[in-house]
Structures are given as C-alpha cells and as structure tokens.
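Reading the structure
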Amino acid sequence: MTRTVYVNGDYLPEDEAKVSVFDRAFLMADGVYEVTSVLGGRLIDFPGHLARLQRSLDALEIRNPLSDEDWLAVHREIVARNGIEDGLVYLQVSRGNPGDRDFAYPSADTPPTVVLFTQSKPGLADSEQARTGIRVVSIPDIRWGRRDIKTVQLLYPSMGKMMAKKVGADDAWMVEDGLVTEGTSNNAYIVRGGKIITRGLSTDILHGITRAAVLRFAREAQMEIEERPFTLEEAMAADEAFVTSASAFVMPVVAIDGVALGDGRPGPVATRLREIYLDESRKAAI
Ligand code: PDD
C-alpha cells in the first residue's frame, strides 16, 4: 500500500508530495516536530504533544498554522487513511518557503510548511528489546543550548546513534560537565535503592511528554523520585536504568559503556513502570 502523507492541507501519495528546496527546514533546520505513538489505532499522550508543539513554535516565533481541533482531526485522518493500528505519527512545522535563501526570517505572512506522515509498527508496545533491555555508550553532549525546543536539528543525535552502533551498542547517553543530559532521542533515568533519579527540566534537555506521564504514574504508585543531574559513574553503579520516549515508552537500559547494571537484565522498577505507562496511556488514548 502506498503511504498517504499530509502536506499543507492535502493528503497525497508519498511520491507525489513536494516541499520547496527553499523551505527553511531544508536549508536552516528552521522547523520543529512532534512524534506521537499510536496503539490500537488511537493517539497516546496527544494533548501533551500539542502543548509542546505550541511551546516550540512560540520559542521560535513561528505561527501555529492549525487549531488543536484541526491537529487532532489531521492526526486521526492520516492514521485512518494509512490503516495504522500500532505505529507513529510524525508531524513537522517549518518557517516555510521564503522563495530564496536568507539568514533573516521571512516576513510573518510567509505560511509555515506542515508535513505529517505515519510509520506502521505492528506490535510496537510488545518489543523484544523491552524484554532484553538496551546497551548504551556515553558520548559528549555538544548540542546547542536550547535542547528544550524540539527542532529538526538532529544531526548530532543521529551521529550519536552511529557512534553507538559502531561499538555494538543500541544508543548513546550524552554527558556534559560530567553529568548525563539525556539519550540521543529519549530521557535518561537511573534507579538507586528503589529511588528514581532523573535530570530536572531546563534548557539542557527536551521536556519529554512520556517523562511527564511516567513521573506522574510513578508518584501515584508511591515511588520515590529525585529530579537532579547524575554522573556517569553514579549511573554505572546504579541498580537499574531506563529511558523514556514516545516511540520506546519505558525502555530498560542494562549496560553503560560495557558495564552491566545489576544482574544485566531489565530491572523491576523499569519493568513495572513500562507496564503502568502502557496500561494507563492506552486507557487515556484518543
Ligand atoms: N524523540 N529527548 C530527546 C532528545 C528526544 O529526541 C526525545 C523524543 C525525548 C523524549 O520525548 P518524548 O517522551 O516526548 O517522546 C527526549 C522522538 C521520539 C524522536 O525524535 O523520534
């Protein structure tokens, strides 16, 4: 089946969809994005993703081209047209096409470019990796200083994944001033003595939508949480570790830089949080 994508108001076969070579996302990485997971044909944590989209757009002074109702309608339509049961919806908004290359922003009446597409991932919540856990390596965090804005500027995270792959690991954790910031495309956590430790929110990391939900569920389950930065050494000595994201949900981490955590298998806290998160977010899916 040919995938149907959305570009600026039209639903088109993917090979007929077009965006200008002058689009600011293409030339300047001047755009933001969101990834929302779909389970059982319904959207997970959707209000959170829309709220963060608005926040990213505001930070870059890009006009939000659609209302919340329209965003929901477009998401539902693209899921339906592509018959997605389990998978992801990717949405991108750029500052649009000024008709030429120029560092200065174009005039405010330049329409933003809106692109959405789906990725079908049958059995997304039932991944083999969640049973075995993933192995991460540390790399320096050399990204820019506004990591709280979800821009399409993803070259370094992409390089980070490749650095991990080259040494036989699954992902990388980024480290700045001796402290872990986050994973290449997820938020990072360790568990010590039953306590969940994760870096607090600032411009240093993306404010994960899955993170917000998981911490809420953990509090409701009376788990102890400490929002503070942690060192790589502390992480390597932790009982367990995990990451969260819209595409991986809660994913156990079983080794850091080749050092196994605990018994080298997914820990009980990560395993329980994954179950709670999947149960609760399926119930709240729209
Ligand atoms: N990545 N940190 C970074 C750097 C990310 O790119 C992501 C998400 C997260 C987790 O955020 P959330 O829980 O809202 O998905 C944290 C998405 C999934 C991606 O780029 O595909």
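Note that the structure is predicted; figures quoted are calculated from it, not measured.

Formed by 29 residues in total, the largest nonpolar core has its most connected members in Leu39, Ile196, Met223, Phe242, Phe249, Leu273 and Tyr277. Elements with a contribution of two residues or more to this core: strand E3 (31-39), strand E5 (87-94), strand E10 (187-192), helix H6 (209-220), strand E14 (249-256) and helix H8 (268-284). In terms of residue count, H8 provides more of this core than any other element does, six residues in total. The next biggest cluster of nonpolar side chains, apart from the first, holds 23 residues, and it includes Leu50, Leu57, Val89 and Val93.

Turning our attention to a nonpolar patch on the surface. Taken together, Val21, Phe22, Phe26 and Leu27 make up a surface patch of nonpolar side chains, about 380 Å² in accessible area. Locating Phe22 in the fold gives a position in the loop between strand E2 (10-13) and helix H1 (24-28).

In terms of strand pairing, strand E7 (residues 134-140) meets E14 through three bridges, oriented parallel. Looking at the pairing, Val136 lines up with Ile256 of E14. Relative to strand E8 (residues 171-176), E7 runs parallel, the two being bridged by five bridges. Each bridged residue has a counterpart across the sheet, and for Val137 the counterpart in E8 is Ala172. What joins E7 to E8 is helix H5 (residues 155-166), and the crossover it makes is right-handed.

With that settled, consider the packing of helix H2 (residues 46-60) against helix H3 (residues 68-81). Direction vectors running N to C along H2 and H3 enclose 125°, while the axes themselves pass 11 Å from each other. Between H2 and H3, the interaxial angle falls into the category oblique. Read as a crossing pair, H2 and H3 show a hand that is right-handed. Contacts between H2 and H3 pair Phe46, Leu50 and Leu53 from the former with Asp68, Trp71, Leu72 and His75 from the latter.

Our next topic: the domain arrangement of the chain. Partitioning the chain into domains gives domain 1 (4-120) and domain 2 (128-284). Placing the centre of domain 1 and that of domain 2 at their C-alpha centroids yields a distance of 26 Å. At the interface, 21 residues of domain 1 touch 22 residues of domain 2. Summed over both partners, the interface of domain 1 with domain 2 comes to about 1,900 Å²; 63% of that surface belongs to carbon and sulfur atoms.

So, about the side chain of Asn64. Structurally, Asn64 is set in the loop between H2 and H3. Among the polar contacts listed, one links the side chain of Asn64 to the side chain of Gln54, at a separation of 2.8 Å. Of note is the side chain of Asn64, whose polar atom sits 3.0 Å from the side chain of Trp71. Excluding its chain neighbours within four sequence positions, the residues that come into contact with Asn64 are Gln54, Leu57 and Trp71.

With that settled, consider unusual backbone geometry. Positioned with a positive phi, Asp45 is a non-glycine residue whose angle comes to about 55°. For Asp45, the location among the structural elements is in the loop between strand E4 (42-43) and H2. Despite not being glycine, Phe249 has its phi angle at roughly 60°, a positive value. Within the fold, Phe249 resides in strand E14. Using a relative accessible area of 0% as the deciding quantity, one classes Phe249 as buried.

The next thing to look at is the site of the ligand. Around the ligand, the surrounding shell holds 20 residues, and the nearest of these are Tyr33, Arg52, Glu182, Thr210 and Ala246. At 2.8 Å from an oxygen atom of the ligand is found a main-chain nitrogen or oxygen belonging to Ile209. Residue Ala246 places a main-chain N or O atom 2.8 Å away from an oxygen atom belonging to the ligand. For the ligand, whose unbound accessible area comes to 470 Å², protein coverage reaches 89%.

This part covers the packing of H6 against H8. At a minimum axis distance of 10 Å, the contact between H6 and H8 shows a crossing angle of 105°. As judged from the angle between their axes, H6 and H8 are roughly perpendicular. Listed contacts from H8 to Thr210, Ala213, Val214, Phe217 and Ala218 of H6 are Leu273, Ile276, Tyr277 and Glu280. In terms of residue class, the contact of H6 with H8 is built from seven nonpolar, one polar and one charged.

The subject of this paragraph is the pattern of salt bridges. Where charged atoms from two side chains of opposite charge approach closely, those side chains can pair. Overall, the coordinates contain 24 salt bridges when judged by the stated rule. In this structure, the salt-bridge partner of Glu226 is Lys195, at a minimum N-O distance of 2.8 Å. Of the two residues, Glu226 is situated in strand E12 (residues 225-227) and Lys195 in strand E11 (residues 195-198); the sequence distance between them amounts to 31 residues. Judged by its relative accessible area of 25%, Glu226 falls in the partly exposed class. Residue Lys195 is classed as partly exposed on the basis of its relative accessible area of 23%. Glu227 is paired through a salt bridge with Arg219; the nearest N and O atoms lie 3.2 Å apart. For Glu227, a relative accessible area of 40% puts it in the partly exposed group. The exposure class of Arg219 is partly exposed, given its relative accessible area of 47%. By sharing partners, the salt bridges in this structure join Arg192, Lys195, Glu224, Glu226, Arg228 and Glu234 into a single network.

Rules of the game
- Here the residue numbering is sequential within each chain, running from 1 through the sequence in written order.
- With pLDDT at 70 or above as the cut-off, local features in this predicted model cover only qualifying residues; side-chain atom pairs require 80 or more to be listed or tallied, and sums for whole chains, interfaces and linings still use all residues.
- Hydrogens and water molecules were not included; the side-chain quantities draw on all heavy atoms of the structure.
- Working definition of a nonpolar core: buried Ala, Val, Leu, Ile, Met, Phe, Trp, Tyr and Cys residues. They are joined through side-chain atoms within 4.5 Å.
- Accessibility here uses a 1.4 Å probe with only protein chains present; expressed as a share of the type maximum, an area under 20% marks a residue as buried, one over 50% as exposed, and anything in between as partly exposed.
- Secondary structure elements follow DSSP: runs of H or I no shorter than four residues count as helices, runs of E no shorter than two count as strands, and numbering proceeds from the N terminus.
- Note on patches: the residues involved have over 30% relative accessible area and no salt bridge, like charges join within 9 Å, and the nonpolar side chains Val, Leu, Ile, Met, Phe, Trp and Tyr join within 5 Å.
- Calculation of accessible area relied on Shrake-Rupley with a 1.4 Å probe; when residues are assessed, cover is drawn exclusively from the protein chains displayed.
- Between Lys or Arg on one side and Asp or Glu on the other, a salt bridge is scored when a side-chain nitrogen of the former is within 4 Å of a carboxyl oxygen of the latter.
- Strand pairing is assigned whenever DSSP detects at least two bridges linking the two strands.
- Handedness of a crossover is defined as follows: orient the strands so they point away from the viewer, and if the path from the first strand over the helix to the second runs clockwise, the crossover is right-handed.
- Axis lines are fitted through C-alpha atoms, for helices just across the contact stretch, and the angle between N-to-C directions can take any value from 0 to 180 degrees.
- Roughly parallel means an angle under 35 degrees; roughly antiparallel means over 145; roughly perpendicular covers 65 to 115; every other angle is labelled oblique.
- The hand of a helix crossing depends on one turn: near helix anticlockwise from the far one by less than a right angle means left-handed, and clockwise means right-handed.
- It only takes one pair of heavy atoms within 4.5 Å for two residues to be counted as in contact.
- Just so you know, the domain bounds were taken from an automatic or database domain assignment.
- By buried area we mean how much accessible surface two parts lose on assembly, using a 1.4 Å probe and totalling the loss over both.
- What qualifies as a polar contact is a pair of N or O atoms within 3.5 Å, subject to a donor-acceptor requirement within protein and to the restriction that residues adjacent in sequence count only when both atoms come from side chains.
- Throughout, the term near means that a residue has one or more heavy atoms lying within 4 Å of the molecule or strand in question.
- Each residue is assigned to one of three groups, with Ala, Val, Leu, Ile, Met, Phe, Trp, Tyr, Cys and Pro labelled nonpolar, Asp, Glu, Lys and Arg labelled charged, and all others, Gly among them, labelled polar.

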